[in-house]
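What follows is the residue order along each chain.
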Amino acid sequence: MTDPTEVAEKVFREEYGRVFATLVRVFGDFDVAEEAIQDSFLIAIDRWPVSGVPQKPAAWITTTAKRKAIDGYRREKVRVEKYAVLSSTRSNGHEEHEILEESTLQDDRLRLIFTCCHPALAIDAQLALTLRTLGGLKTREIARAFLVAESTMAQRLVRAKRKIRDAGIPYRVPPDDVLTERIAAVLGVIYLIFNEGYSASEGDDLVRHDLCSEAIRLGRVLADLMPDEPEAIGLLALMLLHDSRKDARISSTGEPMLLDDQDRQLWDRSQIDEGLRHLVIAERQRIPGKYQTQAAIASIHAQAGTPEQTDWSRIAMLYGMLGQQNPSPVVELNRAVAVAMALGPEYGLEIIEPLRSDLDRYRWMHSTRAELLRRLERFEEASDAYRRAINLTENSAERSLLSKRLAEVENSQGRDGLR
Amino acid sequence: MGEFMAGWFKFDEEIRSSVKVLAGDGLEPTSTATTVRYKDGAPVTSDGPFAETKEQLGGYYLIDVENLDEAIKVAGTIPNLPMGGSVEVRPVQVFEQ
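Predicted model, so just to flag it, every value in this text is computed and none were measured.

Novice: What is the right way to look at the interface of chain B and chain A in this model?
Specialist: Accessible area lost during the coming together of the parts is what is often quoted as the interface size. Taken together, the contacts link four residues of chain B with seven residues of chain A. Residue composition of the side of chain B that touches chain A, grouped by class: two nonpolar, one polar and one charged.

As structure tokens, then:
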């Protein structure tokens, strides 16, 4: 006998974003929408074991929630104007149909996600609100995912909703003149959620690792709602390709595995295929962008059966392109690695040279230099660079990996010293 | 200096013709400011702005627009911005009867 609460929870989580978005449009209030869904949840766990889970759960939940909200307004004897607006949406059979057809030009979820990612909200608030309202995650889950206390997260959400209401943030898809930058903001939020999950360490809460799947889920919704936005599709491709490596990223002893050392048999082929498909679709629109470029880089790794089969020249070229779209010394560092792999370590070192002061506190610059110096048998310099990298490490897994490398170099140095 | 003020006057004309401006003024510099606070239960006056900051409040516009996005758009056109200034956008309280 399946637990009715579990069944209802699963369905509600799945439909939360869609229903919430519509209710906010109808009632113009985040809190009203949230309470209404809560109320309908209580009814669901009561009714569904008897009547069965509805064929169209979203419609059922929306209708039930609307009814409860209107009842709530009646009880509170809210001002006449508000009630007049609401009374025009009387419950009847046609209405269920109407709610879902309503999304003619724009799914309510688009309105919702643009509102959650409005630049007037602090970035932490954008992340929390997106996960709560579109993802349907509970406050407790989001708190655990971002490693803060539940009360902190609850307060964050309260403040964010208050700001939306009090500062006059409109509930809509932004007009054309700011649409491009606002889409970029939304994509940024989704990618931040993904990266938060990607950086989860071994001992972390499961929900933290789940952030990757949640981000992919949100990415799918966005790509569906905005099929003409190649960067939205590119982001989805990128996340799928990164996520495909998740089973290979940690060794059996809990250490991070570099790309070259990963067991490629553990890469998820169906995720790779899906990612590649989306990338092709995005690129067909011929509007390049940073997410498509990063996805293209990931796709080259994904399609190389072994590290030796990697097309490094193409990757170097793509990092060059990425540097135009998203200039940063870290991008240039990655280009240096690709160039080193394609042409030789000395060429990589040349590219890194002007980056050294900017990236002096970035451990991966030092470790990259160390590796390239090692290949050129400049062992003393390589040791120095590894030591610098180890000084900057942030956790024991990194330290152990880099210490191992340092030991190897010092061994070679020792042998060399005897010549 | 004349050119600077001429730029502001021109902007002021434009904004009043394109946006519903309920009020707007430039303020004299903070050197002309006087702050009143309570001390021991009675108002006390002191020289200077209420907060000593690098940035000085230079003026305000009270506008009536649809939503925050519209207000942000207007804020983005204010001529102090290219000179390194900033504009704070805040809603006026509306009390329901």
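Let's pick the thread back up.
Novice: Would you take a moment to explain the nonpolar core for this structure?
Specialist: Where a protein is soluble and globular, its nonpolar side chains tend to be buried together. Residue and element names in this part refer to chain A. Leu23 and Ile190 are the most contacted members of the largest nonpolar core, which has 106 residues in total. Sorting elements by how many residues they give to this core places helix α12 (residues 230-243) first, with nine residues. In contact with leucine 23, other than residues within four places in its own chain, are Ala33, Ala36, Ile37, Thr62 and Ala65.

Novice: Would you mind going over the packing of helix α1 (residues 4-27) of chain A against helix α6 (residues 108-116) of chain A with me for this structure?
Specialist: The packing of two helices is summarised by the inter-axis angle and the distance between the axes. All names here are of chain A. One way to put it is that α1 packs onto α6 with a least axis distance of 8 Å and a crossing angle of 80°. One element, α1, and the other, α6, form an angle in the roughly perpendicular class. Contact residues: α1 offers Gly17, Arg18, Phe20, Ala21, Thr22, Val24 and Arg25, while α6 offers Asp108, Arg109, Arg111 and Leu112. Across the contact of α1 with α6, the residue classes tally to four nonpolar, two polar and five charged.

Novice: Explain the packing of helix α15 (residues 312-325) of chain A against helix α16 (residues 329-343) of chain A to me, please; I cannot follow it from the model alone.
Specialist: Residue and element names in this part refer to chain A. Relative to each other, α15 and α16 sit at 160°, their axes nearing to 8 Å. One element, α15, and the other, α16, form an angle in the roughly antiparallel class. The hand of the α15/α16 crossing is left-handed. Residues Trp312, Ser313, Ile315, Ala316, Tyr319, Gly320, Leu322 and Gly323 of α15 form the contact with α16, whose participating residues are Val331, Glu332, Asn334, Arg335, Ala338, Val339, Met341 and Ala342. Looking at the contact of α15 with α16, its residues break down into 10 nonpolar, four polar and two charged.

Novice: Looking at this model, I keep getting lost on the confidence of the model for chain A. Mind explaining?
Specialist: Any residue range with low pLDDT should be treated as having predicted coordinates unsuitable for detailed reading. For chain A, the average pLDDT comes to 89, and 91% of its residues sit at 70 or higher. A low-confidence stretch, residues 83-105 of chain A (pLDDT under 50), is modelled with 17 contacts involving residues beyond four sequence positions or located in other chains.

Novice: Help me understand helix α9 (residues 150-166) of chain A, please; the structure alone is not making it clear to me.
Specialist: All names here are of chain A. For α9, spanning 17 residues, the distance from its first C-alpha to its last is 24 Å, which sits close to the expected 24 Å at 1.5 Å a residue. Regarding α9, the residues found buried are Met153, Arg156, Leu157, Ala160 and Ile164. Buried positions in α9, seen along its axis, are confined to an arc of 95° and lie on one side of it. Residues of α9 that are exposed and angled more than 90 degrees away from the buried face: Ser151 and Arg162. Residues of α9 that are buried make contact with α2 (30-51), α6, α7 (123-134) and α8 (139-145).

Conventions adopted
- Residues numbered from 1 in each chain as written.
- Chains lettered and ligands numbered in written order.
- Predicted model: local features only at pLDDT ≥ 70, side-chain atom pairs only at ≥ 80, totals over all residues.
- Contact = placed C-beta atoms within 7 Å.
- Nonpolar A, V, L, I, M, F, W, Y, C, P; charged D, E, K, R; others polar.
- Core = buried A, V, L, I, M, F, W, Y, C linked by C-beta atoms within 7 Å.
- Buried ≥ 20, exposed ≤ 12 C-beta atoms within 10 Å, placed from the backbone.
- Helix = DSSP H or I, 4+ residues; strand = E, 2+ residues; numbered from the N terminus.
- Axes fitted to C-alpha atoms, helices over the stretch in contact; angles between N-to-C directions.
- Parallel < 35°, antiparallel > 145°, perpendicular 65-115°, else oblique.
- Left-handed = near helix turned anticlockwise from the far one by under 90°.
- pLDDT = per-residue confidence, 0-100.
- Expected span 1.5 Å × (residues − 1).
- Arc of directions from axis to C-beta.

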